[in-house]
Amino acid sequence: MTVTPANASVKTTKVAIPHPLEKDCAIAGVLEEVSPDQPTHGRKIALILHGAMGHKDYLFQKKLALRLPMDSFRFDFRGNHETPGTWSFGRFGNDIDDLEAVVEYLTKTYGYVVETLVGHSRGSVVSMLWLCKHRDGPAKDVTRYVNVAGRYRMEKVYDELEANRAEFERQGFLERKAMVARKPFISRLYQQDYDEFASIDTSIAWAHFPAHIDVLTLHGLQDAVVPPYDAFIYARIYGARAPGTHTLRYVEDADHNFTGMPEEVVDTVLEWMAQQERGELVTGVWHTGVKGKL
C-alpha cells in the first residue's frame, strides 16, 4: 500500500541555525511546510537525520520529506556537506549537540513540537541516544521513531579495522572514500577514532528509551556495513516496552543504504504512520504486528 499525502503545496525553505557551541558555524537544513499559510506554533514536526559521510538530501531523506503528511526538517551534521566544522567518526557527542541545537531552535523560533524522528545508520543511533537523554524533556512529545539500519553492537566496527590490518599498520590509519553530494570525500580513521566509536553505550536503550514511543526498524538483509542481526537486538529492546510498540521489517534485497530502492523506506514509513493513526499497531514483524484489517 502506498500512502501519498496531499502535499502539493509544500513550501521548501533553507534554514541556517547558529550553533551555540561553535563560533561561526551554522547548521544547514531544509524545512518543509505542508501548510505554509498556517502558523507553526504548536505544530508537529518530523526530524530526518543522515548517516556517516552522508548529507540531508541523500538516499531516501528528501523523498520522504516531500511525501510526509507533516512538516519536516532535515539537516547536515557538523563537518558534513553544507554545515562547516570538523568531521568526526567517533565523537557521537558532537552529533547529539547538533541535534539539541536544532530542536531548541525549531521549538523556540517556530514553536514546533518535535513528534517524529527518522534516522539512518549513525543518525539512528544519535536519535536513540537523544531520546534516552531527554526522555523527561523534549522527548516526551515524540510518539514515533524510525530506526533505519541502526547499529547496536558498536564494537563490531573493529571488524573493519582487522580486515584492513596490514594497510593500517603500514600507514597508521585507514582511508574512507565516498561521494557526498557528487563531490569526493576522503577521511582518515585512526585507532582513537575506532576506540571512540566502539565506546558508545547503546545498551542505554534497555533502561532509558521512552516507553511511550512507537518504533519502526527497517534493515536490509544485504547490509554489509551493519549486520542485520543488530535489528533483531533492537526488536528485543523496543518490543519489551509498553505501551509503545515495535515493528520490525527486513528487506531481502536491500543493502545498508537501500541503494536503488528508496521507496521501500518511504512507503513503509508512510504506511506505518497511517497504521499508528488508525490505532492498529501492535509489536511484531511487518504486516503481522498490526491489529484489525488493512
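The rules behind each value
- Residues numbered from 1 in each chain as written.
- Predicted model: local features only at pLDDT ≥ 70, side-chain atom pairs only at ≥ 80, totals over all residues.
- Heavy atoms only, no water.
- Axes fitted to C-alpha atoms, helices over the stretch in contact; angles between N-to-C directions.
- Helix = DSSP H or I, 4+ residues; strand = E, 2+ residues; numbered from the N terminus.
- Parallel < 35°, antiparallel > 145°, perpendicular 65-115°, else oblique.
- Left-handed = near helix turned anticlockwise from the far one by under 90°.
- Contact = heavy atoms within 4.5 Å.
- Nonpolar A, V, L, I, M, F, W, Y, C, P; charged D, E, K, R; others polar.
- Core = buried A, V, L, I, M, F, W, Y, C linked by side-chain atoms within 4.5 Å.
- Buried < 20%, exposed > 50% of the residue type's maximum accessible area, 1.4 Å probe, protein only.
- Phe/Tyr/Trp six-rings, centres within 6.5 Å; stacked < 30°, edge-to-face > 60°.
- Lys NZ or Arg CZ within 6 Å of the ring centre and 35° of its normal.
- Pairing = 2+ DSSP bridges.
- Salt bridge = Lys/Arg side-chain N within 4 Å of Asp/Glu carboxyl O.

- Looking up the protein in an unreviewed UniProt entry gives the name Ectomycorrhiza-regulated esterase, with the organism given as Lentinus brumalis.

**A few points about the packing of helix α2 (residues 92-110) against helix α3 (residues 122-133)**
Next up, step 1: For the pair α2 and α3, the least separation of the axes is 10 Å and the interaxial angle reads 65°. Judged on the interaxial angle alone, α3 and α2 are roughly perpendicular. As for how α2 packs across α3, the hand of that crossing is right-handed. Within the contact between the two elements, α2 uses F92, D95, I96, L99, E100 and V103 and α3 uses R122, V125, V126, S127, L129, W130 and K133.
Next up, step 2: When the residues that make up the contact of α2 with α3 are grouped by side-chain class, the tally is 8 nonpolar, 1 polar and 4 charged.

**Observations regarding the nonpolar core**
Soluble globular proteins tend to pack their nonpolar side chains together in the buried interior.
Next up, step 1: Core analysis: the largest hydrophobic core is formed by 53 residues, its most contacted members being F73 and F209.
Next up, step 2: Beyond its immediate sequence surroundings of up to four residues, F209 is in contact with M128, L131, C132, Y145, I204, V215, Y238 and R241.
Next up, step 3: By size, the runner-up hydrophobic cluster in this structure holds 25 residues, among which are M70, F258, M261 and L270.

**A look at the packing of aromatic side chains**
The geometry of an aromatic ring pair is captured by the separation of the ring centres together with the interplanar angle, meaning the angle of the planes.
Next up, step 1: For the coordinates displayed, the defined rule picks out 15 aromatic pairs.
Next up, step 2: Measuring from centroid to centroid gives 6.4 Å for W87 and F89, while their planes differ by 35°, and the two rings are tilted. Each member of the pair, W87 as well as F89, carries the same accessibility label: buried.
Next up, step 3: Three or more aromatic residues link up through ring pairs in this structure, and these residues are W87, F89, F92, Y194 and F197.
Next up, step 4: Between R122 and the ring centre of F92, over which it is positioned, the NZ or CZ distance is 4.0 Å.

**Quick notes on the pairing of strand β2 (residues 26-33)**
Next up, step 1: Counting buried positions along β2 gives 7 out of 8 residues, so the element sits mostly inside the fold.
Next up, step 2: Sheet topology note: the strand β1 (residues 11-18)/β2 ladder contains 8 bridges and is antiparallel. The partner of P18 across the bridge, within β2, is A26.

**Comments concerning the environment of S9**
Next up, step 1: With respect to the helices, strands and loops of the structure, S9 is situated in the segment before β1.
Next up, step 2: A relative accessible area of 47% places S9 in the partly exposed class.
Next up, step 3: Linking S9 and F197, residues 188 residues apart in sequence, is a C-alpha distance of 41 Å.
Next up, step 4: Setting aside anything within four residues of it in sequence, one finds S9 in contact with E33, V34 and P36.

**Structural notes on the pattern of salt bridges**
Next up, step 1: Inspection of the entire model under this criterion finds 26 salt bridges.
Next up, step 2: Residues R144 and E277 are paired through a salt bridge, measuring 2.5 Å at the closest nitrogen-oxygen approach. With R144 in strand β6 (residues 144-148) and E277 in helix α9 (residues 262-277), this residue pair connects regions lying 133 residues apart in the sequence.
Next up, step 3: What makes R144 buried here is its relative accessible area of 3%.
Next up, step 4: The class of E277 is exposed, set by a relative accessible area of 59%.
Next up, step 5: Among the ionic pairs, E160 bridges to R176, the shortest N-O distance being 3.1 Å. Here E160 is found in helix α4 (residues 158-163), whereas its partner R176 is found in strand β7 (residues 174-180), with 16 residues between them in sequence.

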